[in-house]
Amino acid sequence: MSPVATYAARLAALPRALAILELHPQGLPLADLAAELGTTADGLREVVLAYYLADLVELGNFGQPVVEFFAPGTSDEDVDPTTAEWVRVVARDPEHELGVDHLSAEQLGRLHDAGADLRTLEPDNEELAAALEAFRQALWPVDSGPVATGDSTAQQLHRAVQEHRRVRITYVRQWHPGSGERVIEPYRLVRTRRGWEVDAGPSDDVAAVRTFLVSGIQSSEVLDEHFVPPADVDDLVSAQRSPVTVELVVPQDRRWAVERFAENTEVEDDDEQSVKLTATLLPPVQQRLGLTLLTCGPNAFVLAPRSLEDSGLELARTLLDHHRATP
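Owing to the predicted nature of the structure, the values given are computational and were not obtained by experimental measurement.

Enquirer: Even after reading the chapter, I still don't get the nonpolar core, so can you show me in this structure?
Expert: What tends to happen in soluble globular proteins is that the nonpolar side chains get buried as a cluster. By size, the foremost hydrophobic cluster in this structure holds 20 residues, and its most contacted members are Leu21, Leu33, Leu37, Leu44, Val48, Phe69 and Val87. Ranked by residue count, the leading element in this core is helix H1 (residues 3-22), at 5 residues. Beyond its immediate chain neighbours, meaning those up to four positions away, Val48 contacts Leu14, Val67, Phe69 and Val87.

Enquirer: Even after reading the chapter, I still don't get the pairing of strand E6 (residues 195-201), so can you show me in this structure?
Expert: For a regular strand, side-chain orientation follows a simple rule: the groups alternate between the two sheet faces. Of all 7 residues in E6, 7 are buried, a share of seventy percent or more. Direction of pairing for E6 relative to strand E7 (residues 210-213): antiparallel, over a ladder of 4 bridges. Among the inter-strand pairings, Asp199 is bridged to a residue of E7, identified as Thr211.

Enquirer: I tried to follow the environment of Ser311 on my own but got confused; where do I start?
Expert: Within the fold, Ser311 resides in helix H12 (residues 311-325). Overall, the relative accessible area of 2% leaves Ser311 in the buried class. Sequence separation between Ser311 and Leu293 is 18 residues, and the spatial gap between their C-alpha atoms is 7.7 Å. Leaving out residues up to four positions away in the same chain, Ser311 has contacts with Gln286, Leu289, Gly290 and Leu293. In this structure the side chain of Ser311 is engaged in a polar contact, spanning 2.7 Å, whose partner is the backbone oxygen of Leu308.

Rules behind the numbers
- Residues numbered from 1 in each chain as written.
- Predicted model: local features only at pLDDT ≥ 70, side-chain atom pairs only at ≥ 80, totals over all residues.
- Heavy atoms only, no water.
- Core = buried A, V, L, I, M, F, W, Y, C linked by side-chain atoms within 4.5 Å.
- Buried < 20%, exposed > 50% of the residue type's maximum accessible area, 1.4 Å probe, protein only.
- Helix = DSSP H or I, 4+ residues; strand = E, 2+ residues; numbered from the N terminus.
- Contact = heavy atoms within 4.5 Å.
- Pairing = 2+ DSSP bridges.
- Polar contact = N/O pair within 3.5 Å; in protein donor to acceptor, adjacent residues only side chain to side chain.

Spelled out as structure tokens, the structure:
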């Protein structure tokens, strides 16, 4: 069987896998599920993981995750899906949530992008490359060039995370002007709607873990120096990515700004002029919220928590001080 046909067969097994998992609400070992489907555990993991990362529930607005990787006997929700041995469905109607018969062009494009992200971390995976090319030809019959092999910076960081090696980066800071060079200890590389992000140490006086946007890294060099991750590295990363809920009111024509800077939003009330939203923001919360408020204009304000109601004012002062000091 050709690489493309092999990958297509695995992808076709996904709806069958969901149907089986629906009969086992407590989940199944990935190896047992693969045996039932007549494929390999690694092959099935690749397809389920690609779907898991694609997060089609947001694309289709279906309301909840469809699949979940987990480890029996533990309450730890932050299980690494690339190594977890068990999987289960958490949707009441997974085939409907998957939307296998009615994926829109946008959803197909996002699924292609998820495969391209996986290709970034696996540049030597020729089987995946061939499948992506076949997918691209189906989506865009007119020649639009070869599939990109991915971001070399993300590849370097992925290798550094696996090998526990320090990386020297030049980074354009997101919340402060200018750029700087520093040596980081990368703990985890993740793909979010903002692109690739790396959570890294070492700890300093400001934070135990910092998050860097890979798009802001101007240069990177994987060093020969190794590091030992902290024993509580998973807890540190989870704390760094712990969202804060904020209630705010913004003009109707500026609600896009909240959706731009928040992880997710929920409309509580609205009228022709304004909208009341509940938004969850990742650290640094004050800076993200300040940027949101400045973008939304003077008619935007925070309802709760009250400790963050001056975030826009404080960021405005910081920007004014910066520009006053600029020749």
